[in-house]
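Listed below, chain by chain, are the residues.
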Amino acid sequence: MSVIRIVPNVNSCLRSALLLAAIALTVTLTAAPASADDYDAAIKDIQSTMGGVPGFLKQFPKAGLPGAWAEVKAIELSDKTALPPKVKSLISLAVAAQIPCSYCIWSDTENAKRAGATDEEIQEAVAMAALTRHWSTIFNGMQVDLAQFKKEMGGE
């Protein structure tokens, strides 16, 4: 039996304050605090990109917003990454379904549809998340030996 599993990098959900907060925390722990000019530039860029500034971004800490926005733009909103927008939205939806995050589920479903995902692709992404969670529960709960698992699954 062969199981192929994609372990995605969790990308942020544009409309989710919770995921954006986690990203910003990482950015603020590793980067210098943003200046007022950086914040103003980020707000202007958000306005230009989104046609407005969502309320949750106005609530976000000013020091973290420029870095968090830069990461969202570079990964989620960019079409110059390894993954096309539809795939990124489907991955984000699958993760959001597992967290669970109602904000992300709604936003990622809408983004996936705008990127051309069919209802069947959306359903399959969510089903894959459930399947992965199911088997992860079994492997971890039964304390399956990882080295033996890798050997049996065609790895090391």
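Residues numbered from 1 in each chain as written. Predicted model: local features only at pLDDT ≥ 70, side-chain atom pairs only at ≥ 80, totals over all residues. Heavy atoms only, no water.

Engineer: Please clarify how the overall build of the chain should be interpreted in this entry.
Structural biologist: Helix and strand counts for the chain come out as eight helices and zero strands. Reading the chain from its N end, one meets helices and strands in the order α-α-α-α-α-α-α-α. Here the analysis covers contacts within the chain between residues at least 6 apart in sequence; of these, 67% occur between residues at least 24 apart. Total accessible area on the chain is roughly 10100 Å²; 60% of this is exposed by carbon and sulfur atoms. (Helix = DSSP H or I, 4+ residues; strand = E, 2+ residues; numbered from the N terminus. Contact = heavy atoms within 4.5 Å. Areas by Shrake-Rupley, 256 points an atom, 1.4 Å probe, with all protein chains shown as cover.)

Engineer: Would you mind going over the packing of helix α5 (residues 85-98) against helix α6 (residues 102-114) with me for this structure?
Structural biologist: Two numbers describe a pair of packed helices, the interaxial angle and the distance between the axes. In contact at an axis separation of 9 Å, α5 and α6 are set at 160° when each is read in the N-to-C sense. Here α6 runs roughly antiparallel to α5, going by the angle between their axes. For α5 against α6, the interelement crossing comes out left-handed. Contact with α5, carried on its side by S89, L90, S92, L93, A96 and A97, involves C104, I105, D108, T109, N111 and A112 of α6 and no other residues of that element. A breakdown of the residues in the contact of α5 with α6 according to their chemical character gives seven nonpolar, four polar and one charged. (Axes fitted to C-alpha atoms, helices over the stretch in contact; angles between N-to-C directions. Parallel < 35°, antiparallel > 145°, perpendicular 65-115°, else oblique. Left-handed = near helix turned anticlockwise from the far one by under 90°. Nonpolar A, V, L, I, M, F, W, Y, C, P; charged D, E, K, R; others polar.)

Engineer: What is the right way to look at the packing of aromatic side chains in this model?
Structural biologist: Inspection of the entire model under this criterion finds two aromatic pairs. A network of ring pairs unites the aromatic residues W135, F139 and F149 as a single cluster. (Phe/Tyr/Trp six-rings, centres within 6.5 Å; stacked < 30°, edge-to-face > 60°.)

Engineer: Explain a nonpolar patch on the surface to me, please; I cannot follow it from the model alone.
Structural biologist: Together, M128, L131, W135, F139, M142 and V144 make up a nonpolar patch on the protein surface, roughly 550 Å² of accessible area in all. Position of M142 among the secondary structure elements: in the loop between α7 (119-141) and α8 (146-152). (Patch = residues over 30% accessible without salt bridge, like charges linked within 9 Å, V, L, I, M, F, W, Y side chains within 5 Å. Salt bridge = Lys/Arg side-chain N within 4 Å of Asp/Glu carboxyl O.)

Engineer: Would you explain the nonpolar core in this entry?
Structural biologist: Nonpolar side chains tend toward joint burial in soluble globular proteins. Ranked by size, the top nonpolar core spans ten residues in total: Y39, I46, V53, F56, L57, F60, L65, A68, W69 and V72. When contributions to this core are tallied by element, the ones reaching two or more residues are α2 (36-50), α3 (55-59) and α4 (65-76). Counting six residues, the second-largest nonpolar core is a separate cluster that includes L90, A117, I122 and A125. (Core = buried A, V, L, I, M, F, W, Y, C linked by side-chain atoms within 4.5 Å. Buried < 20%, exposed > 50% of the residue type's maximum accessible area, 1.4 Å probe, protein only.)

Engineer: What exactly am I supposed to notice about unusual backbone geometry here?
Structural biologist: Most peptide bonds are trans, and most residues other than glycine sit at a negative phi. Geometrically, the link from I99 to P100 is a cis peptide bond, its omega value of -15° lying close to zero. Of note, P100 is situated in the loop between α5 and α6. The phi dihedral of Q143 is positive, around 50°, even though this residue is not glycine. Turning to its location among the elements, Q143 is positioned in the loop between α7 and α8.

Engineer: Honestly, the pattern of salt bridges in this entry has me stumped. Any pointers?
Structural biologist: Throughout the structure, instances matching the rule amount to three salt bridges. The partner of D45 in a salt bridge is K73, with the nearest N and O atoms 2.7 Å apart. Taken together, the positions of D45 in helix α2 and K73 in helix α4 put the pair 28 residues apart, joining distant regions of the chain. When its relative accessible area of 24% is taken as the criterion, D45 is described as partly exposed. The shortest N-O distance in the salt bridge between D79 and K80 comes to 3.4 Å. Assessed through its relative accessible area of 56%, D79 is described here as exposed.

Engineer: Can you help me understand the state of the cysteines in this one?
Structural biologist: A covalent bond between the sulfur atoms of two cysteines is referred to as a disulfide. Evaluated as defined, the whole model comprises zero disulfides. As a non-bridged cysteine, C104 has C101 as the owner of its nearest cysteine sulfur, 3.1 Å distant. (Disulfide = S-S within 2.5 Å.)

Engineer: I'm lost on α5 in this one. Help?
Structural biologist: Note: α-helices contain 3.6 residues per turn, so residues at a spacing of three or four share the same orientation. Helix length check: α5 (14 residues) gives 20 Å between terminal C-alpha atoms against 20 Å at 1.5 Å per residue, within 8%. Looking at the buried residues of α5, the elements they touch are α4, α6 and α7. (Expected span 1.5 Å × (residues − 1).)

Taken by themselves, the reported measurements are silent on function.
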